[in-house]
Amino acid sequence: MIPAQFDYLAPTSVQEAIAALAEHGDDAKVLAGGQSLLPILRMRLNAPEMVIDLGRIPELQGISEEGDHLVIGAMTTYAAVLASEAVGTHAAVLSKAIHTVADPQIRHRGTVGGALVHADPAGDVGAPVLALEAQLVIAGADGSTRTVAAEDFFEDLFTTAVGEGELLTQIRIPKHTGWGAHYEKFVRVSHQWSIVGVAATVRSEGGSIAEARVGLTNMGSTPLRARSVEEALVGQPATDEAVRAAVASVAEGTNPPSDLNGDSDYRKHLATVLTRRAVLAAAGA
């Protein structure tokens, strides 16, 4: 199908983009990578009067290091993340997750910030951002910015802390240098959205797990962090038996969709299996 007619604007600064959002309000949609928005427009599930393209705003692009943090611009593409030595060194679980996203064509157009704001719980960026304890920087209409922890950023299905007239500008990630990392994803066909995914990053000492962070994909209306599992893993040897016991409760309290034969228990079983595999791989076992 062909989208309904709309006007197009390509601002060159964040404040210009925010001013356009204020002017057009609910009649406007923001275009980041477009890999989620364009299919919606083509199916006429949404018909905005104005599309505001963020692709010409230099300050929203690129990856830099600021002390003990990586800073990723919201309009940085998946491909740029995969090409970044800094991300591979200091935030490896993000690289490993993005490597599973769709295909090279999509990864050269899709953006990290676009995926986060779209907030599809089956997307592959939310869980690693949670596991890395990222901070998300949001710009407002008065020129101010606020920083929101990843755990507070995802509010509900397709809903985030980015308010009306605001833009996500940066993802700030504490460096996890030397941590092992793995993203385990289950799909039935290639390039499919995750049925379940698990992002695990682990710091090991002397064959035991000193620290662990675990994020879950598609186990609720938002990406989830498995804090109880993280706590259970600390001090455990990186063995199959110990990790299996520590992750056994990973699906407790989750509310996965029941679209697979009407049985959410299938996803809960998958989450347990995939978490064990992801943690063991991250720990180098």
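Please refer to the structure placed before this passage.
Given the structure is predicted, the values throughout are model-derived calculations rather than measurements.

What follows deals with the side chain of Asp53. As for its placement among the helices and strands, Asp53 is situated in strand E3 (residues 50-53). Look at Asp53: it is buried, it has no salt bridge, and the nearest opposite charge is Arg56 at 5.5 Å.

The next subject is the nonpolar core. Leu94, Leu116, Phe153 and Ile173 are the most contacted members of the largest nonpolar core, which has 38 residues in total. Apart from the residues lying within four places of it in its own chain, the contact partners of Ile173 are Asp68, His69, Leu70, Ile72, Ala91, Leu94, Leu132 and Ala134. Counting 27 residues, the second-largest nonpolar core is a separate cluster that includes Val202, Val214, Leu274 and Val279.

What follows deals with the pairing of strand E6 (residues 135-139). Taking burial as the measure, the five residues of E6 include four buried ones, the bulk of the element. Relative to strand E10 (residues 167-174), E6 is paired through five bridges, and the arrangement is antiparallel. Following the sheet pairing, Ala139 is matched in E10 by Leu167.

Counting buried residues along strand E11 (residues 180-186), five of its seven residues qualify, which places the element largely inside the surrounding structure. Here seven bridges tie E11 to strand E12 (residues 196-205), and the two strands are oriented antiparallel to one another. Across the sheet, residue Lys185 finds its bridge partner in E12, namely Gly197.

On the surface, Asp7, Asp26, Asp27, Glu49 and Glu164 cluster together to form a negatively charged patch. Note that Glu49 resides in the loop between helix H2 (37-42) and E3.

Residue placement: Leu45 occurs in the loop between H2 and E3. Leu45 sits in the exposed class, given a relative accessible area of 62%. In the structure, Leu45 is positioned 42 residues away from Pro3 in sequence and 9.2 Å away in space, judged by C-alpha atoms.

Our focus in this paragraph is helix H12 (residues 265-282). Spanning 18 residues, H12 covers 26 Å between terminal C-alpha atoms, matching the ideal 26 Å at 1.5 Å per step. For H12, every residue scored as buried is listed here: Arg267, Leu270, Ala271, Val273, Leu274, Thr275, Arg276, Ala278, Val279, Leu280 and Ala282.

Once that is clear, we can look at the sheet that holds E3. Reading across the sheet, the three strands line up as E1-E3-E2 and stay open at both edges, with parallel pairing between neighbours. Two strands close off the open sheet at either side, each with one partner strand: strand E1 (7-9) and strand E2 (28-31). Averaged over all pairs of adjacent strands, the angle between their axes in this sheet comes to 25°, without regard to strand direction. Judged from the three bridges that link them, E1 and E3 form a sheet pairing that is parallel. Paired with Leu9 across the two strands is Ile52, which belongs to E3. Strands E1, E2 and E3 of the sheet are contacted by helix H1 (residues 14-24), whose axis makes an angle of about 170° with E3.

What follows covers the packing of aromatic side chains. Any two aromatic rings considered together are summarised by their centre-to-centre distance and by the angle between their planes. Per the stated rule, a full pass over the model turns up one aromatic pair. For the pair Phe153 and Phe154, a centre-to-centre distance of 5.3 Å together with 90° between the ring planes defines the contact as edge-to-face. Taken as a pair, Phe153 and Phe154 share a single burial class, namely buried.

For Val189, the position within the fold is in the loop between E11 and E12. Put simply, Val189 and Ala122 are 67 residues apart on the chain and 15 Å apart in space, counted from C-alpha to C-alpha.

A few words on the pattern of salt bridges. Tallied over the entire structure, the rule returns 15 salt bridges. Residue Arg203 pairs with Glu205 through a salt bridge whose shortest N-O separation is 2.5 Å. Residue Arg203 is classed as partly exposed on the basis of its relative accessible area of 24%.

Here is what the cut-offs are and how they apply
Residues numbered from 1 in each chain as written. Predicted model: local features only at pLDDT ≥ 70, side-chain atom pairs only at ≥ 80, totals over all residues. Heavy atoms only, no water. Helix = DSSP H or I, 4+ residues; strand = E, 2+ residues; numbered from the N terminus. Buried < 20%, exposed > 50% of the residue type's maximum accessible area, 1.4 Å probe, protein only. Lys, Arg positive; Asp, Glu negative; His and termini not counted. Salt bridge = Lys/Arg side-chain N within 4 Å of Asp/Glu carboxyl O. Core = buried A, V, L, I, M, F, W, Y, C linked by side-chain atoms within 4.5 Å. Contact = heavy atoms within 4.5 Å. Pairing = 2+ DSSP bridges. Patch = residues over 30% accessible without salt bridge, like charges linked within 9 Å, V, L, I, M, F, W, Y side chains within 5 Å. Areas by Shrake-Rupley, 256 points an atom, 1.4 Å probe, with all protein chains shown as cover. Charge placed at Lys NZ, Arg CZ, Asp CG, Glu CD. Expected span 1.5 Å × (residues − 1). Axes fitted to C-alpha atoms, helices over the stretch in contact; angles between N-to-C directions. Phe/Tyr/Trp six-rings, centres within 6.5 Å; stacked < 30°, edge-to-face > 60°.

Note that every value here comes from positions in space, so none of it alone points to a role or purpose.
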